[in-house]
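Okay, here's what each chain looks like letter by letter:
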Amino acid sequence: MIELFHVSMRYAGADRPALDDVTLEIRKGEFCLLAGPSGAGKTSLLRLLFCAEAATGGQVFVGGRNLARLKPARIPEVRRNIGVVFQDFKLLPGRSVLDNVALAIEVQGRRREEVRERAVGVLKQVGLGHKLHQHAERLSGGEQQRVAIARALVVEPALLLCDEPTGNLDAERAQGILELLVTAHVRGTTVVVATHDPALLGGNRRVVRLEDGRVVADVPAYSPMSAALLDAARKVA
Amino acid sequence: MSATALVTSMLRHGGRSVRSGGLPFFFAMLMTALGAFSIGAYATLLVNFARVASTVGESVALVMFLNVDSASAADELRARAALMPDVREALLVTPEDALARARRGLGDAGRALEGAAGLRMPWVVEVTPRFDLGGSTDREALAQRLQALPGVDEVMHPAGEVKRIDALMRLLHGAGVFLGVLIALVVIVVVSNATKLTVLQRREEIAIMKLVGATDLFVQTPLVLAGLVQGLVGAALGLGALALAHASLAGMVKVALSGALGVFILAPMPAWLWGALLVGGAILGVVGAALSVRRFLRV
Ligand SMILES: Nc1ncnc2c1ncn2[C@@H]1O[C@H](COP(=O)(O)OP(=O)(O)O)[C@@H](O)[C@H]1O
Ligand SMILES: [Mg+2]
């Protein structure tokens, strides 16, 4: 699903690279956590994957496409297969929760009824079925996070990228968010989560640790046992 | 993915652009209306001026003096003149009539001609040229062509005042074209500015739309449609105002100017110009919006 070969990336005017010689493979169906202190390059790595930044060196492949060779006109196509949950949510203020979620499929030119139906469905899934017509900015942080996740999931993406999805939430709410991500994963979505929240790092999941733009550790999910459990769960779901 | 869904969705976003356009949007529309009204009013004046000028211009005829002897030869030349392009009418004047006219023209001195036996006037043809709006009827050329006919002695054409009218018409036309270009530029600038403000105001929304996979076309089309609305609706409003103004002025002008010139009716501008101004407004709106979209939509 994702392959990085010796990828480096430096922001214009920065004195050191945000990513430095990163080589990494994330397979289809994986749940991968990107850990590391603030400034390690987690967000930058995610931004590479949905074409918000371009690598300054190395090769990035997403879903078999070489992003360096991608024509700008093809970028929307790539993004439509990726759900992104931004750290700052990037919701439209002054627009309803439903509008915000609908936007992601609307830009694909779906029929209006289908757009509405799917948006409502996903919002019910994340527990916001009763707040469809509220303005997004009037919701609590945890609720906004859910709207952001709903917008990412509504396109049924093959790949879900989340940047600090439990950033400012208490443990209970963070757990709720994690469950949403796990549900998406169980349904077959590849999930990559950037976080420095220890609560998220506790589970049986692969953790790639970044520091100063470099991969310093890559700990696979252990126990084949739990992988078997996951498969069983998938069949049920 | 269906094309109609895509289009309705873009239309909805266009509607949002229109609504979020606010004051600059309506200012652009107003300027377009004002522009269409001004051009239309000027064109109406020009059309009516041209009508008056053509009455004057056509009343000044060219005079061909023939050196033929028979009435049939003279009439054949008259017929040939009448068939020329740019000629509206050709009238034959017999030598007797010509003499009578000459006498009248000379007044008292004309009596001297009375006894003058053996004085023979030539056959004469009076040629009335067409007078068109563009002033493109070239009287000099017409005179030369008439002169070239066999049996024509001399062609007299009172060039002075006609030339002055022609020149004035050309000047007014040139000024009209200049005015039109100027107004077109103003419309492009204000629509482009309104679009720029909309883009800046909706920058965040546009950025998010692109992040979730909107194509450039999807983002740009609604903005260009909003430009189209500014141009088209603006022009329609301006032309509507012009039609109203024309209807209310026509009556007054008819009363004020009829008499000396017969019944004077304030003519409207030609139908094609109404259509052209409407289409022109739409095109300018699209161009203005597209310019801004190209410049400011790099998100
Ligand atoms: N837009 C930017 N322009 C310049 N430098 C940036 C920008 N965004 C991030 N950086 C720098 O790149 C490095 C990695 O940042 P980031 O990817 O945001 O880290 P993380 O998400 O792990 O906290 C940091 O040193 C940060 O200061
Ligand atoms: Mg970050």
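Further up the page is the structure itself.
Residues numbered from 1 in each chain as written. Chains lettered and ligands numbered in written order. Predicted model: local features only at pLDDT ≥ 70, side-chain atom pairs only at ≥ 80, totals over all residues. Heavy atoms only, no water.

(A) Region of interest: the site of ligand 1. All names here are of chain A. Near ligand 1 you find Tyr-11, Arg-16, Ala-18, Pro-37, Ser-38, Gly-39, Ala-40, Gly-41, Lys-42, Thr-43 and Ser-44, and these make up its full shell. Within the backbone of Lys-42, one N or O atom sits 2.9 Å away from an oxygen atom of ligand 1. For ligand 1, an oxygen atom lies 2.6 Å from a polar atom in the side chain of Thr-43. For ligand 1, whose accessible area on its own is 560 Å², the fraction buried by protein is 59%. (Near = heavy atom within 4 Å. Polar contact = N/O pair within 3.5 Å; in protein donor to acceptor, adjacent residues only side chain to side chain. Areas by Shrake-Rupley, 256 points an atom, 1.4 Å probe, with all protein chains shown as cover.)

(B) Just the sheet that holds strand β5 (residues 65-66) of chain A, in detail. Residues and elements named next belong to chain A. Spatial strand order, β2-β1-β4-β5: four strands in an open sheet with antiparallel pairing. Either end of the sheet is taken by a strand with one partner, and the two such strands are β2 (19-26) and β5. Where strand β1 (residues 2-9) meets strand β4 (residues 57-62), five bridges bridge the pair, whose relative direction is antiparallel. What sits directly across from Glu-3, in β4, is Phe-61. Taken strand by strand, helix α1 (residues 42-49) contacts β1, β2 and β4, and its axis lies near 120° from that of β1. (Pairing = 2+ DSSP bridges. Helix = DSSP H or I, 4+ residues; strand = E, 2+ residues; numbered from the N terminus. Contact = heavy atoms within 4.5 Å. Axes fitted to C-alpha atoms, helices over the stretch in contact; angles between N-to-C directions.)

(C) Geometry of empty space enclosed by the protein. A complete count under the given rule lists three cavities of 30 Å³ or more for this structure. Empty space within the largest cavity amounts to approximately 80 Å³. In this structure, the largest cavity is lined by Arg-79, Arg-80, Ile-82, Gly-83, Val-84, Phe-86, Ala-104, Arg-151, Ala-152 and Val-155 of chain A together with Leu-211 and Val-212 of chain B. Secondary structure elements with two or more residues in the lining of the largest cavity: α2 (75-80), β6 (82-85) and α5 (141-153) of chain A. When residues in the lining of the largest cavity are grouped by element, the largest group, three residues, is from β6 of chain A. The residue inventory of the lining of the largest cavity, partitioned by class, reads eight nonpolar, one polar and three charged. (1 Å grid on protein atoms, 1.4 Å probe; cavity = no way out; pocket = protein on both sides within 12 Å on 5 of 7 lines; lining within 4 Å. Points joined across faces, edges and corners; volume = space filled by probe spheres on them. Nonpolar A, V, L, I, M, F, W, Y, C, P; charged D, E, K, R; others polar.)

(D) Looking closely at the packing of α5 of chain A against helix α6 (residues 171-186) of chain A. Residues and elements named next belong to chain A. Remark: α5 packs on α6, axes separated minimally by 11 Å, with the N-to-C direction vectors making an angle of 10°. Judged on the interaxial angle alone, α6 and α5 are roughly parallel. Across from Gly-142, Gln-145, Arg-146, Ile-149 and Leu-153 in α5, the residues of α6 making contact are Gly-176, Ile-177, Leu-180, Leu-181 and Ala-184. (Parallel < 35°, antiparallel > 145°, perpendicular 65-115°, else oblique.)

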